[in-house]
Amino acid sequence: MFNELLRNITSKDDISLILPMLLSSEELNAINARTLVYKELLLAERSQREIARIHNISIATITRGSNNLKAMSDKEKQLLQTLLIRE
């Protein structure tokens, strides 16, 4: 049902309205942190410790993100690369 809801969103403004209705502020912060971790890890410009220090994210969160990234298929990693880095 959530996938269908997201597929029917047609504007950035609608996304900004719907997500806070569905997720708590803690959940939104966790998603934002995870997204930032994925982007930083894909860029591979900083160490995990640097990422943690610069963005005030726990090493545990970064390690979980790194482990998730390692478990992803090439197709999943490419999708993240395309969506997060847009190069």
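Residues numbered from 1 in each chain as written. Predicted model: local features only at pLDDT ≥ 70, side-chain atom pairs only at ≥ 80, totals over all residues. Heavy atoms only, no water.

What to know about a nonpolar patch on the surface
Among the surface-exposed residues, Phe2, Leu5, Leu6, Leu17, Met21 and Leu22 lie close enough to one another that they form a single nonpolar patch of about 570 Å² accessible area. Elements with a contribution of two residues or more to the nonpolar patch: α1 (2-7) and α2 (12-22). On the secondary structure map, Phe2 appears in helix α1. A relative accessible area of 43% places Phe2 in the partly exposed class. (Patch = residues over 30% accessible without salt bridge, like charges linked within 9 Å, V, L, I, M, F, W, Y side chains within 5 Å. Areas by Shrake-Rupley, 256 points an atom, 1.4 Å probe, with all protein chains shown as cover. Salt bridge = Lys/Arg side-chain N within 4 Å of Asp/Glu carboxyl O. Helix = DSSP H or I, 4+ residues; strand = E, 2+ residues; numbered from the N terminus. Buried < 20%, exposed > 50% of the residue type's maximum accessible area, 1.4 Å probe, protein only.)

Some words on the nonpolar core
A general feature of soluble globular proteins is that nonpolar side chains tend to end up buried together. Core analysis: the biggest nonpolar cluster contains 14 residues, and Tyr38, Leu41, Leu42, Ile62, Leu69, Leu80 and Leu84 have the highest contact counts within it. Of all the secondary structure elements, the ones that give two or more residues to this core are α3 (25-43), α4 (48-55), α5 (59-71) and α6 (74-84). Top element by residues in this core is α3. It accounts for 5 residues. When sequence neighbours within four positions are dropped, the list of residues in contact with Leu80 reads Tyr38, Leu42, Leu69, Met72 and Ile85. (Core = buried A, V, L, I, M, F, W, Y, C linked by side-chain atoms within 4.5 Å. Contact = heavy atoms within 4.5 Å.)

Let's talk about α3
Between its first and last C-alpha atoms α3 spans 27 Å; for 19 residues at 1.5 Å apiece the expected length is 27 Å, and the two agree. Turning to α3, its buried residues are Ala33, Val37, Tyr38, Glu40, Leu41 and Leu42. On its buried side, α3 packs onto α4, α5 and α6. At the exit of α3 stands Ala44, carrying a positive phi of roughly 55°. (Expected span 1.5 Å × (residues − 1).)

Examining the environment of Arg64
With respect to the helices and strands, Arg64 occurs in helix α5. Residue Arg64 is classed as partly exposed on the basis of its relative accessible area, which comes to 44%. Arg64 sits 55 residues away from Ile9 along the chain, and the two C-alpha atoms are 29 Å apart.

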